[in-house]
Structures are given as structure tokens and as C-alpha cells.
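What follows is the residue order along each chain.
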Amino acid sequence: MIGRFTLRTTARNQLIDVSAPVREFINTSKFHSGLCVVFTPHTTAAITINENADPSVKSDILKKLNESFPQEDGYRHAEGNSDAHIKSSLVGCSETIVVENGDLILGTWQGIYFCEFDGPRQRQYIVKLVGG
Amino acid sequence: MIGRFTLRTTARNQLIDVSAPVREFINTSKFHSGLCVVFTPHTTAAITINENADPSVKSDILKKLNESFPQEDGYRHAEGNSDAHIKSSLVGCSETIVVENGDLILGTWQGIYFCEFDGPRQRQYIVKLVGG
Amino acid sequence: MIGRFTLRTTARNQLIDVSAPVREFINTSKFHSGLCVVFTPHTTAAITINENADPSVKSDILKKLNESFPQEDGYRHAEGNSDAHIKSSLVGCSETIVVENGDLILGTWQGIYFCEFDGPRQRQYIVKLVGG
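Notes on the structure follow. (Residues numbered from 1 in each chain as written. Chains lettered and ligands numbered in written order. Predicted model: local features only at pLDDT ≥ 70, side-chain atom pairs only at ≥ 80, totals over all residues. Heavy atoms only, no water.)

This part covers the nonpolar core. Formed by 90 residues in total, the largest nonpolar core has its most connected members in A:Val22, A:Tyr125, B:Val22, B:Tyr125, C:Val22 and C:Ile112. Setting aside chain neighbours within four positions, we find C:Ile112 in contact with C:Ile16, C:Asp17, C:Val18, C:Ser19, C:Val22, C:Val38, C:Ile47, C:Thr48, C:Ile49, C:Ile97, C:Leu104 and C:Leu106. Ranked by size, the runner-up nonpolar core spans 45 residues in total, among them A:Val57, C:Ala46, C:Val57 and C:Leu62. (Core = buried A, V, L, I, M, F, W, Y, C linked by side-chain atoms within 4.5 Å. Buried < 20%, exposed > 50% of the residue type's maximum accessible area, 1.4 Å probe, protein only. Contact = heavy atoms within 4.5 Å.)

See below:
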């Protein structure tokens, strides 16, 4: 089973919790056990798993990434978004999560995040379920 | 097949080789071929694959991560572990390894590591095998 | 299905697009739907997905990684390649890509890259296909 999702980001750098639509897709697919891969087909975005409780974790992650990989840093790429490409490769464009008994095995504080590093834009991600 | 494992870390930052229990789980499961996903359900820990020979590789990795992402850095999150959340998203909370002929396909120098970034604590990881 | 590939890198730090051999392997395997895992068994290399159009994106990624994680930085590991081990754990030694209708689901600008961080060397990577 494969699901295709879109979202609109509203800032240059933003973490958006997509756990709910991923869980809903597993539920409506009646998928019981295996792997769930969440993948984004963009090169200036990423997928990560991190804390879903205190929103300051999200802002701290984005702030530190911006300090470590600033937008202007003597880059050659003319589009002005080399920082976003670097963040994308470091955070990674997918996550693989285990599914058992029809639900994601995530920790109490874990949420799945779409990471925008060059927004605001219309964006996509894919959810693929493989049984086993 | 799914296996659930616990371990106790003994330092704030620590890399612990978990290759042996993962291999033993594949062996006792009589799993022959497919994918092995090692996943940790924590947001201040990670899973990585790196050198299992010279222990100074582990200490160099932790030292440089601490220098790049120090514990105190003007963060808003009040728990004092934003550095651990950032390291978790950069290193990633899972690894996917190929299994053939009943064993992990790892390089000669590759070991699977549980990465503690906010210890010492009791921690968990999951091993999921999907055939193919 | 599993494929084993070799390549020769020509610089200490280098990104080499391996999308074409991965796609060809899927095609000759007549694999229709599931997951494609690209994995490298080295601890000073990595696999990533990033832009395949403007080559300056590749050079910007490598330049910034070198600035953030320089080769000489007071490391204990005597081989002089601790920076490569760190980059390997941050970028990651594998990528998981969805396959549908016999082809990789990649974005328009996405290519799969073998990342050399301690070359030039003879290197390997593995492609594993798991249906579902």
C-alpha cells in the first residue's frame, strides 16, 4: 500500500507533525504488521522523528541547525538554498518505522515530522507499507 | 519477527555496540533473508553504524558531536537536553541492514551502536525482521 | 534480490551519483513494488539523496561538511580519518527508497549518491529489493 500526501508549509524553516495522517493511513489500509516508510521527494526538506510534547524542542532544533548551517556561507549554488540541501542530507529524506498490531511502534514522546528547510512551499511526502 | 531489548547506559554520552544481540536474535528467529530494522523509541538517543575496532573512533565521534552541539547553547527547552534531541535527529533513531543467508551483511569494521545522548538511563530498542 | 556493486572514487571527499546502476538493477530484476535499500559496508563513506541538477550543490555540501568537521581537530584515532567516521554517522550508511511500477519513486531533482569521505579508494555498495 502506498499513500501520497501534500502539505503547505508557512515558514522557511519549520517542523510539522505528520504522525496523525500516517497513523490514519495505516488504519484505513487495515495494515497489520511490517514496516512503514515515510519519504519526501524533495532535496531541501527532510523527515525526522523527535519530541512531540514541548514545542520548544522543535524551535531549538531549527535554531541550532540554522546556526551550524547558515543560509549565507560562501556557497556556489546560485539559488541561495545550499544550507537547505545540507540539512536535508544530514537529517535524511525518510524514516522507517515498525508497525505491529495495526499501529506504529513509536515511543511515548516520539512524533514524525516533515522538515521544511526552504519554505514556504507546497510539499509532498509518501507513505509506503511493506508487510512482514 | 520482532524483538524488544533493554540496556542500561552509564554516561551522558555513550556508544554501545549492540551487534551481538541483534545477530543472536536473527539466529534464534531462523530468519534467512530480508531487512533488519533496529529502532530506538527515545528522542534523546539514536542508532548508528560505525567502526567496531579502535575504541578511539567512538570517543572522537562523541567529542566532536559535543563540540558542535554543546549542552548549553541558549536553548529554550527547559530540560537541559536540547543538544541530545538535535543529535538524535542528525544521527537518526534507526538503521536498516540487509540480511542474507541468516546473517547481517555488515562490513568488516561495521558495528551497530546504540547512541546515548542524555544518560545514564534505562533504554530500549526494537529489532524488526521483514523477509524478502 | 540483492545486487553488489563496486566503484572507484578519485578524491578524498566526493559524491558519486549511483541512481543509474540502481535503476538498472531494479529493471533487470523485474522487481515491481516494494522497498529498495542502498547500503554501503564502509565506515568512512555514506549514502545520501540530494540534487542531481546543479553540480555546485554537491561541492557546497562537501565544503560545508569539511568546514564543520575538519580532518585535523585534536582527534585520538591515529588513522587521521575521524572526520570521515563522523560524517558517515551523520549522513548515514544507507537510504531506503520506495519502488512502484518497476521504478524508484524519486523526486524530479533527487539522485542517489555514494559519499566518499576518505578516498580515493575502491568501494562497494549493496542494493536489496524487498517486495510488498
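Helix packing for two helices is described by the angle between their axes and how far apart those axes are. In the contact formed by helix 2 (residues 55-68) of chain A and helix 3 (residues 82-91) of chain B, the axes pass within 9 Å of each other and the chain directions differ by 70°. Taken together, the axes of helix 2 of chain A and helix 3 of chain B are roughly perpendicular relative to one another. Where helix 2 of chain A abuts helix 3 of chain B, its residues A:Val57, A:Asp60, A:Ile61, A:Lys64 and A:Leu65 lie against B:Ser82, B:His85, B:Ile86, B:Ser89 and B:Leu90. (Axes fitted to C-alpha atoms, helices over the stretch in contact; angles between N-to-C directions. Helix = DSSP H or I, 4+ residues; strand = E, 2+ residues; numbered from the N terminus. Parallel < 35°, antiparallel > 145°, perpendicular 65-115°, else oblique.)

Let us now look at the relation of the copies chain B and chain A. Overlaying chain B with chain A gives an RMSD of 0.0 Å, the required rotation being 120° about an axis along which the chain moves by 0.0 Å. Both chain copies can therefore be described as sitting about a three-fold axis. If distances are taken from each C-alpha of chain B to the rotation axis, the shortest is found for B:Leu90, at 3.4 Å. When the interface residues of chain B are mapped onto chain A, a mere 16% of them are again interface residues, pointing to distinct binding faces. (Least-squares fit on C-alpha atoms with pLDDT ≥ 70 in both.)

Residue and element names in this part refer to chain B. With antiparallel pairing, three strands are arranged side by side in an open sheet as 2-7-4. Of all the strands in the sheet, the pair left with one neighbour each is strand 2 (14-17) and strand 4 (45-51). Mean inter-strand twist for the sheet, computed between neighbouring axes without regard to direction, equals 35°. Against the sheet, helix 3 contacts strand 4 and strand 7 (110-116), and its axis sits at roughly 50° relative to strand 4. (Pairing = 2+ DSSP bridges.)

Moving on: the interface of chain A and chain C. With 30 residues of chain A at the interface, the matching set in chain C holds 34 residues. Roughly 2,500 Å² is buried in total at the junction of chain A and chain C, and carbon and sulfur atoms are behind 59% of that figure. Area buried by chain A at its contact with chain C is led by A:Phe39, A:Ser89 and A:Lys128, which between them contribute 21% of it. Linking chain A with chain C are two salt bridges. When the shortest N-O distance is used, the salt bridge between C:Lys64 and A:Asp73 registers 2.6 Å. Where chain A meets chain C, there are 18 residue pairs in polar contact (both at pLDDT 80 or more). Contributing elements (two or more residues each) for the side of chain A that touches chain C: strand 1 (2-8), strand 3 (34-39), helix 3 (82-91), strand 5 (94-100) and strand 8 (122-131) of chain A. Of all the elements, helix 3 of chain A adds the most residues to the side of chain A that touches chain C, at six residues. By residue class, the composition of the side of chain A that touches chain C is 14 nonpolar, twelve polar and four charged. (Buried area = accessible area lost by both parts, 1.4 Å probe. Salt bridge = Lys/Arg side-chain N within 4 Å of Asp/Glu carboxyl O. Polar contact = N/O pair within 3.5 Å; in protein donor to acceptor, adjacent residues only side chain to side chain. Nonpolar A, V, L, I, M, F, W, Y, C, P; charged D, E, K, R; others polar.)

A few words now on helix 1 (residues 19-28) of chain A. All names here are of chain A. Here helix 1 has its buried residues at Ser-19, Val-22, Phe-25 and Ile-26. End-on view of helix 1: buried residues confined to an arc of 130°, all on one side of the axis. Pointing more than 90 degrees away from the buried face of helix 1 are the exposed residues Ala-20, Glu-24, Asn-27 and Thr-28. (Arc of directions from axis to C-beta.)

Note on sheets: strands pair through backbone hydrogen bonds, and any given pair is parallel or antiparallel. Residues and elements named next belong to chain B. Strand order across the open sheet formed by five strands is 1-8-3-5-6, with antiparallel pairing between neighbours. Edge positions in the sheet fall to strand 1 (2-8) and strand 6 (103-104), since each has one partner strand and no second. Where strand 3 (residues 34-39) meets strand 5 (residues 94-100), six bridges bridge the pair, whose relative direction is antiparallel. Counted as the bridge partner of Phe-39 is Ser-94 from strand 5.

What follows deals with the interface of chain B and chain A. Contact with chain B, which involves 31 residues of that partner, is made by 34 residues of chain A. For the pairing of chain B and chain A, the buried interface totals around 2,500 Å² over both sides, and the portion due to carbon and sulfur atoms is 60%. Interface area lost by chain B to chain A is led by B:Phe39, B:Ser89 and B:Lys128, which between them contribute 21%. On inspection of chain B and its partner chain A, the count reaches two salt bridges. Put simply, chain B and chain A have 18 residue pairs in polar contact (both at pLDDT 80 or more) between them. For the side of chain B that touches chain A, the secondary structure elements donating two or more residues are strand 1, strand 3, helix 3, strand 5 and strand 8 (122-131) of chain B. With six residues, the single largest contributor to the side of chain B that touches chain A is helix 3 of chain B.

So, on to the side chain of A:Arg12. Residue and element names in this part refer to chain A. For Arg-12, the location among the structural elements is in the loop between strand 1 and strand 2 (14-17). Judged by its relative accessible area of 19%, Arg-12 falls in the buried class. A polar contact of 3.4 Å, which involves the side chain of Arg-12, links it to the side chain of Gln-71. Among the polar contacts made by the side chain of Arg-12, one reaches the side chain of Asp-83 at a distance of 2.9 Å. When sequence neighbours within four positions are dropped, the list of residues in contact with Arg-12 reads Gln-71, Gly-80, Asn-81, Asp-83, Ala-84, Glu-116, Phe-117, Asp-118, Gly-119 and Pro-120.

Below, the discussion takes up the packing of aromatic side chains. Each pair of aromatic rings is reported with the distance of its centres and the angle of its planes. Scanning the model with the defined rule gives nine aromatic pairs over all chains in all. Joined through ring pairs, the aromatic side chains of A:Phe5, A:Phe25, A:Phe114 and A:Tyr125 make up one cluster. (Phe/Tyr/Trp six-rings, centres within 6.5 Å; stacked < 30°, edge-to-face > 60°.)

The next thing to look at is empty space enclosed by the protein. Inspection of the entire model under this criterion finds three cavities of 30 Å³ or more. Taken as a whole, the largest cavity spans an internal volume of roughly 330 Å³. Along its surface, the largest cavity is lined by 22 residues, and A:Val91, A:Ser94, A:Glu95, B:Ser94 and C:Ser94 are the ones closest to its centre. Breaking the lining of the largest cavity down by element, the ones donating at least two residues are helix 3 and strand 5 of chain A, helix 3 and strand 5 of chain B together with helix 3 (82-91) and strand 5 (94-100) of chain C. Looking at the lining of the largest cavity, its residues break down into eight nonpolar, eleven polar and three charged. (1 Å grid on protein atoms, 1.4 Å probe; cavity = no way out; pocket = protein on both sides within 12 Å on 5 of 7 lines; lining within 4 Å. Points joined across faces, edges and corners; volume = space filled by probe spheres on them.)

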